[in-house]
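Structure assessment
Residues per chain, in single letters:
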Amino acid sequence: MHRNHKAREAVLKMLYEYEFNKNKEMVLNNKNIFFEIKGKKLQEYAKDLFEGILSNLENLDLIIQKYLKNWQLERIALVEKNILRIAAYELFYEKDVPAAIIIDDAIELSKIYGNESSPKFVNGILDCILHKELGERVVKTK
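Now for a look at the structure at hand. Computed from a predicted model, the values in this text were never measured in an experiment.

Notes on the packing of aromatic side chains
- The full count for this structure, using the stated rule, is four aromatic pairs.
- Ring centres 6.2 Å apart and planes at 80 degrees place the aromatic pair Y18 and F50 in the edge-to-face group. Pair noted here: Y18 is in helix α1 (residues 5-21) and F50 is in helix α4 (residues 40-55), with a separation of 32 residues, a long-range link.
- Accessibility expressed as a relative area gives 18% for Y18, which makes it buried.
- The exposure class of F50 is buried, given its relative accessible area of 0%.

Set out below in structure tokens:
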């Protein structure tokens with residue numbers, strides 16, 4: 001599990017909460033979400049990730065929608081949609097994090113919070129985004 005896993009997990013919860021209240025400040029002030037993240041640096045990463053995703057939400061959704069075969073983004077489970085948003089954002093904007101780690105962590109989150117078909121679905125969409133949108137990005141593993 002990557003060191004940013006807890007931050008991504010918190011962002012997943014933040015995005016989920018945001019879907020219901022559309023109040024960014026209320027979500028950011030929810031101390032329960034940040035309680036599980038140890039360290040100021042990871043808390044800042046989670047906050048920046050959340051705000052970055054919200055700032056780029058329309059673009060991220062368009063990219064994800066492009067690779068959904070016979071589905072509309074609105075019909076995807078909230079958990080899967082938000083896992084895809086987190087990973088897509090990181091693939092595009094967090095160039096210092098290897099793509100393999102981003103995708104592996106997204107799959108792990110989908111195993112924990114999704115259903116039995118979620119990991120395969122998430123992996124398939126992210127693989128398409130990585131290779132068709134970001135073909136120049138090298139997949140690195142540790």
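Read on, since the account is not over.
Details of helix α5 (residues 57-66)
- Taken together, the buried positions of α5 are occupied by L60, D61, I63 and I64. Around the axis of α5, the buried residues are gathered within 160 degrees of arc, so they sit on the same side. Facing away from the buried side of α5, by more than 90 degrees, are the exposed residues E58, L62 and K66.
- In the core, the buried residues of α5 are packed alongside α4, α6 (78-93) and α8 (118-133).

Examining the pattern of salt bridges
- A full pass over the atoms with the stated rule returns ten salt bridges.
- Residues R8 and D105 are paired through a salt bridge, measuring 2.7 Å at the closest nitrogen-oxygen approach. Placement of R8 in helix α1 and of D105 in helix α7 (residues 99-113) is noted, with a sequence separation of 97 residues between them.
- With relative accessibility at 1%, the residue R8 sits in the buried group.
- In this structure, the salt-bridge partner of E19 is K22, at a minimum N-O distance of 3.7 Å.

What counts, and at which threshold
Residues numbered from 1 in each chain as written. Predicted model: local features only at pLDDT ≥ 70, side-chain atom pairs only at ≥ 80, totals over all residues. Heavy atoms only, no water. Phe/Tyr/Trp six-rings, centres within 6.5 Å; stacked < 30°, edge-to-face > 60°. Helix = DSSP H or I, 4+ residues; strand = E, 2+ residues; numbered from the N terminus. Buried < 20%, exposed > 50% of the residue type's maximum accessible area, 1.4 Å probe, protein only. Arc of directions from axis to C-beta. Contact = heavy atoms within 4.5 Å. Salt bridge = Lys/Arg side-chain N within 4 Å of Asp/Glu carboxyl O.

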